[in-house]
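Structure at a glance
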Amino acid sequence: MFTGAEHVCWRWLAAGRASRRLVLVVVFVALLLDNMLLTVVVPIVPTFLYTTEYEGANSSVAPAWPELPPPALKASPFSSMFSYFDNTMVVVSGSTSTMDMANGTESSHPPQPLASSPPALSGCPEGEEYLAKENIRVGLLFASKALVQLVVNPCVGLLTNRMGYHIPMFIGFVIMFLSTIMFAFSGTYTLLFIARALQGIGSSFSSVAGLGMLASVYTDDFERGSAMGIALGGLALGVLIGAPFGSVMYEFVGKSSPFLVLALLALLDGALQLCILQPSKISPESTKGTPVSTLLRDPYILVAAGALCFSNMGVAMLEPTLPIWMMQTMCSPKWQLGMAFLPASISYLIGTNLFGILANKMGRWLCSMIGMTVVGISLLCVPLAKNIYGLIGPNGGLGFAIGMVDSSMMPIMGYLVDLRHTSIYGNVYAIADVAFCMGFAIGPSTGGAIVRAIGFPWLMIIIGVINIAYAPLCWYLRNPPAKEEKIAILNQECPMQTKSYATQKTLRDFPLADGSDVEAENVE
């Protein structure tokens, strides 16, 4: 009985390892967790640093207030004081106005609480100068992940060519799990910075190996576009859940709670990878891939990478600066800081799944050009918002437009390699991930400094105009020429038409089943 059940289990695993859909599920879950961790810190870090550093440093002043001389005149024994940041009313004994009347000669003490009472009643946090400096510190912390990925991505691309995609994918899971645990128990800016940088290493392994794996499995252009759209849907869902989940859990449960939940989900992802993939099996590519230096000299790949970079740079600049701007101008409570990104996340989820299929019909170059234009317009409208409801339209349009660009450019990257280079995808998706990372490195690191120098509205104007100005360059991706040795393979009448491209190596079924290598050798 046990032997029979064991046999059925092994048969299920063998069938799963040969299934392209289960591979898509693995990549979907990996991107989901990566981007949940990416965005869950967005509403937590600014408020956590403000609470622990600014309020902690000034907490010693608060106990001195009740020690003032008791009021000489009869007054109400209780009065309410508004908390500057938590938006709660605290009942304290005595009345400042009564104390002023009774202690007219001691007017040097009361003016301090009276001076800060107007912003307290409106719910705005104190420390304008601290918040201005925090823009830069938070921006650098958020950018550390992308900066590390910029360095690690080319190495991961080379590693996938030599070892295959399975081992790097599993390495990414291990590093992401360690980073999540470190986030949960870090209490200082330095430890949070290290955890964010460690996340960049794990994200590099997961994203480059995962997208390269999908491109190698789905060789048909239409199927590849649909698969990439679904995988990016995992990315979108992570972005969708991350910020609201983090803000609500931090507000009502505590800082460590969202990261511990993510750590549990990461363990489930690791178990899924062990079942579906074979992380102990080294399966190098039989054909040498095109070097990264050669791919970087391809102008069409550079145009596609630039579209990915600048479109995502807009939301990357919003992540560290929008919550602080909301704290200063809207006096928003903590839970709203994450909810502000909810419209962008929902619309991004819709955009990636919708245009994963639709972009192939309308033309991916056109879809990207329209998307970048809408990104620019949406960013220009963000500073016009007066409350959180005014952010729904601009953020919704921003997320939808970025979904248009991402779901179009990721398949184009694989298509350009098929069209103009060797059909090995690790290096080209390393470049695509570098483009993402440049947006998320330059955006937060420079955004905080620009906000402090000229203000948040001018930051949105600058990045919005850049996106609108770059959009016409997507026209060059309309009909990219093939290299001479590939002209005989591709149909030149409609290069972007759905078709399968013959690669320079014998295509095999997904090389996760143990017998796939033998079958490939028999075909040869």
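See the structure printed just above.
Residues numbered from 1 in each chain as written. Predicted model: local features only at pLDDT ≥ 70, side-chain atom pairs only at ≥ 80, totals over all residues. Heavy atoms only, no water.

**Examining the overall build of the protein chain**
The following threshold applies: In this description a helix means any DSSP run of H or I spanning at least four residues, a strand means any run of E spanning at least two, and both kinds are numbered starting from the N terminus. Burial status follows relative accessibility: with a 1.4 Å probe on protein chains alone, a residue under 20% of its type maximum counts as buried, one over 50% as exposed, and anything between as partly exposed. Every residue pair with non-hydrogen atoms within 4.5 Å of one another is taken to be in contact. Every accessible area reported is derived by Shrake-Rupley at a probe size of 1.4 Å, with residue values counting cover from the shown protein chains alone.
Tallying secondary structure elements over the protein chain gives 20 helices and two strands in all. Of all 524 residues assigned to the protein chain, the portion counted as buried reaches 56%. Long-range pairs, those at least 24 residues apart, make up 84% of the contacts in the protein chain between residues at least 6 apart in sequence. Surface summary for the protein chain: the accessible area is close to 21,900 Å², and the carbon and sulfur share equals 68%.

**Comments concerning helix α16 (residues 392-420)**
Side chains of residues three or four places apart in an α-helix project in the same direction, reflecting 3.6 residues per turn. Under the convention used in this document: What a helix should span is 1.5 Å times the count of its residues minus one.
With 29 residues, α16 ought to run about 42 Å at 1.5 Å a step, and its terminal C-alpha atoms sit 42 Å apart, in line with that. Counting buried residues along α16, 25 of its 29 residues qualify, which places the element largely inside the surrounding structure.

**Here we look at the packing of helix α2 (residues 20-40) against helix α7 (residues 166-185)**
Test applied: Axis definition: a line fitted to C-alpha atoms, over the contacting stretch in the case of helices. Angles run 0 to 180 degrees between N-to-C directions. Roughly parallel means an angle under 35 degrees; roughly antiparallel, over 145; roughly perpendicular, 65 to 115; everything else is oblique. With the far helix as reference, a near helix turned anticlockwise by less than a right angle produces a left-handed crossing, and one turned clockwise produces a right-handed crossing.
Orientation of α2 relative to α7, taken along the N-to-C sense of each, is 25°, at an axis distance of 11 Å. With respect to each other, α2 and α7 are oriented roughly parallel. The hand of the α2/α7 crossing is left-handed. Mapping the contact onto sequence places Val 26, Val 27, Ala 30, Leu 33, Asp 34 and Leu 37 in α2 and Met 169, Met 176, Ser 179, Thr 180 and Phe 183 in α7.

**Considerations on the side chain of Ser 247**
Structurally, Ser 247 is set in helix α9 (residues 221-252). Under the relative-accessibility criterion, Ser 247 is labelled buried at 1%. Ser 247 has contacts with Pro 43, Lys 334, Trp 335, Gly 338 and Met 339, leaving out every residue within four places of it along the chain.

**Things to note about the nonpolar core**
Note the following rule: The set of buried Ala, Val, Leu, Ile, Met, Phe, Trp, Tyr and Cys residues whose side-chain atoms join them within 4.5 Å is what this entry labels a nonpolar core.
Grouped together as the largest cluster of nonpolar side chains are 113 residues, with contacts concentrated most on Leu 318, Leu 322, Met 326, Met 413, Tyr 429 and Leu 477. In terms of residue count, the dominant contributor to this core is helix α12 (residues 299-329) (17 residues). Ignoring sequence-local partners within four residues, the contact set of Leu 477 consists of Tyr 300, Val 303, Ala 304, Trp 365, Met 409, Ile 412 and Leu 416. By size, the runner-up hydrophobic cluster in this structure holds six residues, among which are Val 152, Ile 175, Phe 205 and Ala 430.

**Some words on the packing of α2 against helix α10 (residues 256-276)**
The cut-off we apply is this: Three classes are used, and their members are as follows: Ala, Val, Leu, Ile, Met, Phe, Trp, Tyr, Cys and Pro are nonpolar, Asp, Glu, Lys and Arg are charged, and the others, Gly among them, are polar.
Two numbers describe how α2 lies on α10: the axes approach to 10 Å, and their chain directions differ by 160°. As far as their axial angle goes, α10 and α2 are roughly antiparallel. At the point where α2 passes α10, the crossing takes the left-handed sense. Each of Leu 22, Val 25, Val 26, Val 29, Ala 30, Leu 33, Met 36, Leu 37 and Val 40 in α2 lies in contact with α10, whose residues at this interface are Pro 258, Phe 259, Leu 262, Leu 265, Ala 266, Asp 269, Leu 272, Gln 273 and Ile 276. Here the contact of α2 with α10 is built from residues that sort into 16 nonpolar, one polar and one charged.

**Looking at a nonpolar patch on the surface**
What counts is decided by this rule: Residues enter patches when they are more than 30% accessible in relative terms and free of salt bridges; like-charged ones are connected within 9 Å and nonpolar ones (Val, Leu, Ile, Met, Phe, Trp, Tyr) within 5 Å. The rule for a salt bridge is simple: a side-chain nitrogen of Lys or Arg has to be within 4 Å of a carboxyl oxygen of Asp or Glu.
A surface patch of nonpolar side chains, about 730 Å² in accessible area, is lined by Ile 377, Leu 380, Ile 454, Trp 458, Ile 461, Ile 462, Val 465, Ile 466 and Ile 468. Only α15 (364-381) and α18 (456-470) provide two or more residues apiece to the nonpolar patch. With six residues, α18 is the single largest residue contributor to the nonpolar patch. Within the secondary structure layout, Ile 468 lies in helix α18.

**Considering α12**
The line we're drawing: We define the bend at each residue as the angle formed by axes fitted to the 7 residues ending at it and the 7 residues starting at it. Throughout this description, a polar contact denotes any pair of N or O atoms lying within 3.5 Å of each other; where both atoms belong to protein, one of them has to be capable of donating a hydrogen while the other can accept it, and for residues adjacent in sequence the pair is counted only when both atoms sit in side chains.
Taking 1.5 Å as the rise per residue, α12 with 31 residues should run 45 Å; its terminal C-alpha atoms sit 43 Å apart, in good agreement. Along α12, the sharpest kink reaches roughly 45°, centred on Glu 319 and followed within four residues by the proline Pro 320. Counted residue by residue, α12 has 26 buried out of 31 residues, so it is predominantly covered. The N-cap residue of α12 is Asp 298: its side-chain oxygen and the backbone nitrogen of Tyr 300 are 3.0 Å apart.

**Section: the environment of Gly 187**
Here Gly 187 shows up in the loop between α7 and α8 (189-217). Owing to a relative accessible area of 41%, Gly 187 belongs among the partly exposed residues under this scheme. Taking the C-alpha atoms as reference, Gly 187 lies 8.4 Å from Thr 52; in sequence the two are 135 residues apart.

**Points about the environment of Gly 439**
Along the polypeptide, Gly 439 turns up in helix α17 (residues 426-454). Note: C-alpha distance between Gly 439 and Gly 314 (125 residues apart in sequence) is 7.9 Å. In this view, Gly 439 contacts Cys 309, Met 313, Ala 316 and Pro 444; residues no more than four positions away in its chain are not counted.

**Focus: the packing of aromatic side chains**
Just so we agree on the cut-off: Put simply, two rings from Phe, Tyr or Trp (the six-membered ring, in Trp's case) pair if the centres are within 6.5 Å, and we call them stacked under 30 degrees between planes, edge-to-face over 60, tilted for the rest.
Per the counting criterion, the structure on display carries seven aromatic pairs. Each ring, one from Phe 170 and one from Phe 173, has its centre 5.3 Å from the other, and the planes form 50°; the classification is tilted. Of this pair, Phe 170 and Phe 173 both sit in helix α7, three residues apart, which is roughly one turn of that helix.

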